[in-house]
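Below are the chains, spelled out letter by letter.
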Amino acid sequence: MKSPLSQVFAQTFLGNAPSWYKLTLVGFLVLNPIVMLTAGTFVAGWALIAEFIFTLAMALKCYPLPAGGLLALEAIIMGMTSPEAVYQEALKNFEVILLLIFMVAGIYFMKDFLQFTFTRILVRVQSKKLISLMFCLAGAVLSAFLDALTVTAVIMAVAYGFYNIYHRYVSGKGQADTHDLISDEEIKETNREELLAFRGFLRNLMMHGAVGTALGGVCTLVGEPQNLLVGAEMGWHFVPFFLHAMPVTMPVLAVGLLTCLAVEQFKLCGYGYEMPGNIRSFLLEHAIEMEKKAGPKGRFKLVVQALIGLWLVMALAFHLGAVGLIGLSVIILLTAFTGVVEEHQLGHAFEEALPFTALLVVFFSVVAVIHSQGLFHPIIEFVLSLEGQDQLAAYYAANGLLSSISDNVFVATVYISETKLHFIHVLDAIPNIGMAGSELMARLTDPHVARADVLATLPANTAALVGETMEHFDKLAVAINTGTNIPSVATPNGQAAFLFLLTSALAPVIRLSYGRMVYLALPYTITMSLTGLAAVYAFL
């Protein structure tokens, strides 16, 4: 029989996570030192990666920060890497940390404008195919410049708000009454069929919007956190990143939008639900009433948010500052001109991003272990032993497979850093460069110096060889970026926006389970992944 203290520990350790999950993690923590002492640090390092991927895959059971963080702390204590190495990884990716802290918080203050946009689409467009395409396209365009998590949050807020209004109405409840949105016990029989259709309709739109954030997010430097990681390693600003990725991202965007139309036209994989006409009329009346209530103050806020949105796009396009600092300028402008001046009002804006920011630093701890132990050297060497387009396709496929089962930011971080290290060694082997390979790589990937100017300082033959080497590195970077972004729509594990939707209050309300989400994503996964692979092979 358990003593009270052990019982309390068992209950509080990892909180509400299932008992089998807690025991599995304890098993990992006990096993790791034994593996290191008996099989060596290389095997123990791979065990750590497998365990960390497990915590990412089980994100619905327990957010990966505490569980993955314990594994990372143990690795540092066992000497598999050092606190200094982790600090250097975090410092190297400081721009990404700034992006997550300030850009996500900045977009939080634009929610009124974004919500207004999606509400208009939802209640005023009649055709299901057109409304699906508009949700997908709006998600793509907004995510190319804003943050995919925030765009997804806005789409979810619109859907949840309308579902709440209608569910209360057909249950005979007022807006002030306590009400369980998940339960249908109080729904009148005459309304049940319409409610099921409305749920299916919202599920479809949520998936179209979430996939849209992936379609747009892959295209630009700020669309996804791993884009900024790759861009920082390569020295690419907003426009160069877009142009390098365009041969792959544009065909994928076109095919993604065509897939959106096809699944609605042929009612494939759970798509094709229509919004009942009387529900549309009811929601339209409510939306018009809410717009009237907003009054001149509400309209002024929308105008201000739209104008600052234009400033954001221009600042990013012309790289007027680090992405995170541009996000900070958005926070300053929006709070000043919309009257958000109390600390507790500002605090809510940071709640969404900071847990993921902390998790990202844990990622960097695992990456530090990978670097310290050389864990990925055999894989990188094998893939790089392939030649030409086969190598690019292998990079895309390997990143895609890993990203669909773990986390695409983690995968991109590992691959781009290890590949860059390989190319530093390649530069070291080139004669007459006049400096260390690491120094030349730093100059070639300096965002403030044109690569052509650096090559001009080298002897002609050497410059040609270095230029070819860097051009190949550029192509591999695009393969890494598109590989981690596109196939990762297969599961909620890979795409943060999908996981955000799945763990939200909306998911149980519209009956969106893990399995159903994978099934709804399936047509997109197939068409987008194959198009990306073909584009990498044919156009890079």
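Whatever comes next refers back to the structure up there.
Residues numbered from 1 in each chain as written. Predicted model: local features only at pLDDT ≥ 70, side-chain atom pairs only at ≥ 80, totals over all residues. Heavy atoms only, no water.

K.L.:
Got a sec to walk through the packing of aromatic side chains? Specific residues and values, please.
P.N.:
If you walk through the whole model with that rule in mind, you get 11 aromatic pairs. Aromatic side chains F145 and F238 sit 5.7 Å apart centroid to centroid with 20° between the ring planes, which places their arrangement in the stacked category. One end of the pair, F145, is in helix α8 (residues 128–145); the other, F238, is in helix α12 (residues 238–265), and 93 residues separate them in sequence. For F145, a relative accessible area of 23% translates into the label partly exposed. (Phe/Tyr/Trp six-rings, centres within 6.5 Å; stacked < 30°, edge-to-face > 60°. Helix = DSSP H or I, 4+ residues; strand = E, 2+ residues; numbered from the N terminus. Buried < 20%, exposed > 50% of the residue type's maximum accessible area, 1.4 Å probe, protein only.)

K.L.:
Requested: an account of α8, with residues and values cited.
P.N.:
The terminal C-alpha atoms of α8, which comprises 18 residues, lie 26 Å apart, in line with the 26 Å expected from a rise of 1.5 Å per residue. All of the buried residues in α8 are K128, I131, S132, F135, C136, A138, G139, A140, L142, S143 and A144. Of the residues flanking the start of α8, the one acting as N-cap is S127, its side-chain oxygen 3.4 Å from the backbone nitrogen of K129. (Expected span 1.5 Å × (residues − 1). Polar contact = N/O pair within 3.5 Å; in protein donor to acceptor, adjacent residues only side chain to side chain.)

K.L.:
Any details on empty space enclosed by the protein? Residues and values, ideally.
P.N.:
This model, assessed by the stated rule, comprises three cavities of 30 Å³ or more. By volume, the second largest cavity is sized at about 40 Å³. Around the second largest cavity sit E89, K92, N93, L229, E233, T413, I416 and S417, which together line it. At the level of secondary structure, the elements contributing two or more residues to the lining of the second largest cavity comprise α5 (83–92), α11 (225–234) and α19 (408–429). In terms of residues, the lining of the second largest cavity owes the most to one element, α19, which gives three residues. (1 Å grid on protein atoms, 1.4 Å probe; cavity = no way out; pocket = protein on both sides within 12 Å on 5 of 7 lines; lining within 4 Å. Points joined across faces, edges and corners; volume = space filled by probe spheres on them.)

K.L.:
How would you sum up the state of the cysteines? Please name residues and give values.
P.N.:
One pass over the full model with this rule turns up zero disulfides. In this structure C260 is not part of a disulfide, and its nearest cysteine sulfur, from C136, lies 4.7 Å away. We note that C269 lacks a disulfide partner, and the nearest cysteine sulfur, in C260, lies 13 Å from it. (Disulfide = S-S within 2.5 Å.)

K.L.:
Got a sec to walk through the pattern of salt bridges? Specific residues and values, please.
P.N.:
Following the criterion strictly, the structure yields five salt bridges and no others. As a salt-bridge pair, E264 and K128 come within 3.0 Å of each other at their nearest N and O atoms. Pair noted here: E264 is in helix α12 and K128 is in helix α8, with a separation of 136 residues, a long-range link. E264 sits in the buried class, given a relative accessible area of 4%. (Salt bridge = Lys/Arg side-chain N within 4 Å of Asp/Glu carboxyl O.)

K.L.:
Residue-level account of the packing of helix α2 (residues 19–39) against helix α3 (residues 41–57), with values.
P.N.:
In contact at an axis separation of 8 Å, α2 and α3 are set at 165° when each is read in the N-to-C sense. By the angle between their axes, α2 is roughly antiparallel relative to α3. Handedness of the α2/α3 crossing: left-handed. Contact residues: α2 offers W20, Y21, T24, F28, N32, V35, M36 and A39, while α3 offers T41, V43, A44, A47, E51, F54 and T55. Considered class by class, the residues forming the contact of α2 with α3 number 10 nonpolar, four polar and one charged. (Axes fitted to C-alpha atoms, helices over the stretch in contact; angles between N-to-C directions. Parallel < 35°, antiparallel > 145°, perpendicular 65-115°, else oblique. Left-handed = near helix turned anticlockwise from the far one by under 90°. Contact = heavy atoms within 4.5 Å. Nonpolar A, V, L, I, M, F, W, Y, C, P; charged D, E, K, R; others polar.)

K.L.:
Outline the side chain of T469, supporting the account with residue identities and numerical values.
P.N.:
Relative to the helices and strands, T469 is located in helix α22 (residues 460–485). Ignoring anything within four residues of it in the chain, the contact list for T469 reads F423, V426, L427 and I430.

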